[in-house]
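# Fold and contact review
Each chain, written out:
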Amino acid sequence: HVQLVESGGGSVQAGGSLRLSCAASYTRTCMAWFRQAPGKEREGVATIDSDDISWYVDSVKDRFTISVDNGKNTVYLQMDSLKPEDTALYYCAATVRPCTLIAREYSGWGQGTQVTVS
């Protein structure tokens, strides 16, 4: 089973930036970032597939960038122009299936890294 460990979360002021990292035992067909804020369902934030095609939820489009370094088996989420509504626990996820927006389709999950924007 793939092992995923997130890092890079923290507390920043609105307009600031953070770069999240997800160290994986190995990369899979689709790597993704999800987030969950208090009282809200887990939301797909960004995905990247084996063809390096990325997808972003509308609320972060043009502000966040997902990338993968296959040599290091690491997935990144560069977050710029952060807003208070970006505050959430961010999870790295992986699946051997094509990228989807359905959290239950992902078989590998990290324990999350907290992002707080004020």
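Shown above is the structure to which this text applies.
In this numbering scheme, every chain counts its residues from 1 along its sequence in written order. For a predicted model such as this one, the threshold for reporting local features is a pLDDT of at least 70, and the threshold for listing and counting side-chain atom pairs is 80 or more; totals across whole chains, interfaces and linings nevertheless cover every residue. Each side-chain value is derived from all of the structure's non-hydrogen atoms; neither hydrogens nor water enter the calculation.

### Brief notes about the environment of histidine 1
Within the element layout of this structure, histidine 1 appears in the segment before strand E1 (4-7). With relative accessibility at 85%, the residue histidine 1 sits in the exposed group. In this structure, the C-alpha to C-alpha distance between histidine 1 and cysteine 92, residues 91 residues apart in sequence, is 14 Å. Only heavy atoms matter for contacts: two residues are in contact if any of them lie within 4.5 Å across the pair. Not counting residues within four places of it along the chain, the set of residues in contact with histidine 1 comprises Ser25 and Tyr26. By the criteria applied, helices consist of DSSP H or I runs no shorter than four residues and strands consist of E runs no shorter than two, each listed in order from the N terminus. Burial classification: accessible surface area is computed with a 1.4 Å probe over protein chains only, and a residue below 20% of its type maximum counts as buried, one above 50% as exposed, and the rest as partly exposed.

### Here's the deal with the packing of aromatic side chains
Note on ring pairs: Phe, Tyr and Trp rings are taken, using the six-membered ring of Trp, and paired if centres are within 6.5 Å. Classes follow the plane angle, with under 30 degrees stacked, over 60 edge-to-face and the rest tilted. Scanning the model with the defined rule gives 4 aromatic pairs in all. Ring centres 6.2 Å apart and planes at 85° place the aromatic pair tyrosine 91 and tryptophan 109 in the edge-to-face group. Residue tyrosine 91 is located in strand E9 (residues 88-95), and its partner tryptophan 109 is located in strand E10 (residues 108-109); the two are separated by 18 residues in the primary sequence. When the ring of tyrosine 106 is compared with that of tryptophan 109, the centres are 6.2 Å apart and the planes differ by 65°; the resulting orientation is edge-to-face. Here tryptophan 109 falls in the partly exposed class, since its relative accessible area comes to 26%. Members of the aromatic cluster, joined through ring pairs, are Phe34, Tyr91, Tyr106 and Trp109. The rule is short: NZ of Lys or CZ of Arg within 6 Å of the ring centre and within 35 degrees of the ring normal puts a charge over the ring. Over the aromatic face of tyrosine 91 sits the side chain of arginine 42, whose NZ or CZ is 4.0 Å from the ring centroid. Taking NZ or CZ as reference, arginine 42 lies 4.7 Å from the ring centre of tryptophan 109, over its face.

### Thoughts on the pattern of salt bridges
Two side chains carrying opposite charge are able to pair once their charged atoms lie near each other. By convention in these notes, a salt bridge is any Lys or Arg side-chain nitrogen within 4 Å of a carboxyl oxygen on Asp or Glu. Scanning the model with the defined rule gives 5 salt bridges in all. A salt bridge links arginine 35 to aspartate 86, with the shortest nitrogen-to-oxygen separation between them at 3.0 Å. Here arginine 35 is found in strand E4 (residues 30-36), whereas its partner aspartate 86 is found in the loop between strand E8 (74-79) and E9, with 51 residues between them in sequence. When its relative accessible area of 7% is taken as the criterion, arginine 35 is described as buried.

### Some thoughts on the nonpolar core
The term nonpolar core refers to a set of buried residues drawn from Ala, Val, Leu, Ile, Met, Phe, Trp, Tyr and Cys, joined through side-chain atoms within 4.5 Å. Residues Trp33, Phe64, Leu77, Met79 and Tyr90 are the most contacted members of the largest nonpolar core, which totals 28 residues. Where this core is concerned, the elements lending two or more residues are strand E3 (18-24), E4, strand E5 (43-49), strand E7 (64-69), E8, E9 and strand E11 (113-117). Those residues in contact with methionine 79 that lie beyond four places of it in its chain are Gly16, Ser17, Leu18, Leu20, Arg63, Phe64, Tyr90 and Val115. Judged by nonpolar contacts, the second largest core, of 5 residues, contains Cys30, Ala32, Phe34 and Ala93.

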